[in-house]
Amino acid sequence: MRINRMIFAILAGSVGILPGVIPGADARQAEVGLADVAPIAAAQNHLALVEARLLSDLQALTTSEMAGRGLGTAGERAAAEFVAARFESLGLQPFGADGTFFQDVPLSSQVNSGQQARNVVAVLAGEQFPYEFVVVSAHLDHLGRERGRIHPGADDNASGVSAMLEIAHALVQDTIAGNRPARSIIFVGFTAEEVGLRGSQYFVEHAPVHLTSISAVLNIDMVGRRDDRHRRDDPYIYMIGTRLHSQMLGDLVDASAENSDDLDVDFHFNSRRRQMAFYQRSDQWHFARYGVPALMAFAGTHPDYHTPRDVVEDIELDLLTPRVRYLTGLTRELANAAEAMVRDRAAEAAE
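Student: It is not clear to me how the confidence of the model for the chain should be interpreted in this structure. Could you clarify?
Tutor: For residues with low pLDDT, the predicted coordinates do not support detailed interpretation. Overall, the prediction assigns the chain a mean pLDDT of 87, with 85% of residues at 70 or greater. Counted against residues more than four places away or in other chains, residues 1–8, with its pLDDT under 50, gives 23 contacts. Low confidence marks residues 346–351, where pLDDT is under 50. Its contacts with residues over four positions away, or in another chain, come to seven contacts.

Student: Mind showing me how you'd approach the pairing of strand S4 (residues 129–139) here?
Tutor: Along any regular strand, the residues point their side chains to alternate faces of the sheet. The buried fraction of S4 is high, at eight of 11 residues. Relative to strand S7 (residues 183–190), S4 runs parallel, the two being bridged by eight bridges. Its bridge partner being in S7, Val 136 is matched across the sheet by Phe 187. Note: S4 against strand S8 (residues 214–221), five bridges, orientation parallel.

Student: I tried to follow helix H6 (residues 198–205) on my own but got confused; where do I start?
Tutor: An α-helix turns once per 3.6 residues; consequently, residues spaced three or four apart project the same way. Considered for burial, the residues of H6 that qualify are Gly 199, Ser 200, Tyr 202, Phe 203 and Val 204. On its buried side, H6 packs onto strand S2 (102–105), strand S3 (117–124), S7 and helix H9 (284–289).

Student: Explanation requested: the environment of Glu 76 in the structure shown.
Tutor: Structurally, the position occupied by Glu 76 is in helix H3 (residues 74–90). Glu 76 sits in the buried class, given a relative accessible area of 3%. Glu 76 has contacts with Met 66, Arg 69, Gly 70, Leu 71, Leu 140, Asp 141, Thr 191 and Ala 192, leaving out every residue within four places of it along the chain. Polar side-chain contacts of Glu 76 include one of 2.9 Å to the backbone nitrogen of Gly 72.

Parameters at a glance
- Residues numbered from 1 in each chain as written.
- Predicted model: local features only at pLDDT ≥ 70, side-chain atom pairs only at ≥ 80, totals over all residues.
- Heavy atoms only, no water.
- pLDDT = per-residue confidence, 0-100.
- Contact = heavy atoms within 4.5 Å.
- Buried < 20%, exposed > 50% of the residue type's maximum accessible area, 1.4 Å probe, protein only.
- Helix = DSSP H or I, 4+ residues; strand = E, 2+ residues; numbered from the N terminus.
- Pairing = 2+ DSSP bridges.
- Polar contact = N/O pair within 3.5 Å; in protein donor to acceptor, adjacent residues only side chain to side chain.

Following this line, the structure appears as structure tokens:
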């Protein structure tokens with residue numbers, strides 16, 4: 001397993017985010033004046049800012065320029081550049097190849113006509129356990145054009161990428177406030193999910209850190225809509241794979257669910273019998289194949305799934321926002337847990 005040459009400089013502190021100093025931070029990070037506002041007004045203002053950032057990222061990822069982010073297309077390259085620019089604006093450090101945010105993913109000509117595909121990778125250095133990692137990920141590719149029609153992929157998976165970016169924003173804000181996470185957090189936008197999880201497979205097989213140093217993975221896929229099981233329900237999210245490789249991780253997620261006031265954490269697809277219906281179809285699967293404790297955050301499918309009708313106008317921000325708030329809290333818990341998640345099963349690669 002290769003070790004990223006930047007890791008020692010980044011995590012030792014010679015390169016990286018200093019508490020209270022976020023290089024290149026853009027204006028959208030500014031949340032000033034809240035201490036002088038009444039608590040309720042401050043909470044409402046914060047919520048409005050979160051929703052505004054989520055909507056801005058969703059819109060950016062579903063423009064005509066992105067053209068559905070089809071694998072190897074100019075639209076997918078534009079999406080990767082957008083995510084890298086957002087990482088940089090937040091002050092995250094590049095964790096791809098040669099000091100960049102990008103990890104090139106070679107694919108066969110049968111998959112994408114030989115065009116380049118890239119994962120986008122960044123890191124926020126931890127304070128207490130900088131050489132232990134939590135991975136937060138979402139796939140940025142979609143279907144592009146099919147039969148002459150653009151598939152915008154607002155829910156699949158601009159919603160997951162926007163959620164990942166908002167989690168990154170929140171953890172950077174924690175760092176500015178002097179609450180740097182105990183573990184380092186790797187943020188990854190995966191390519192080639194729609195053609196067999198090729199981007200995450202390549203990342204796992206050429207990871208910038210040893211897989212044994214990854215405490216847990218949180219992969220976010222399709223979290224902007226609701227499914228038929230929750231047509232009239234309050235906000236919910238499915239968590240899948242919680243105990244596949246770690247009872248400790250399962251206990252942590254159970255506790256987070258019990259403490260969630262504004263979101264129902266649904267474990268319907270978490271049973272051994274049901275979980276592989278979706279778990280093997282998104283990017284956490286390749287981590288799990290090697291025994292890494294890996295979670296899938298998901299909100300289910302809907303009639304617009306993989307159609308041109310998956311548009312940003314149908315994203316339900318009143319669902320997406322509490323989901324992101326829950327996942328942000330869960331990321332904090334994973335990053336700040338007293339111990340890394342214990343693996344209860346041997347980390348053996350699947351055949």
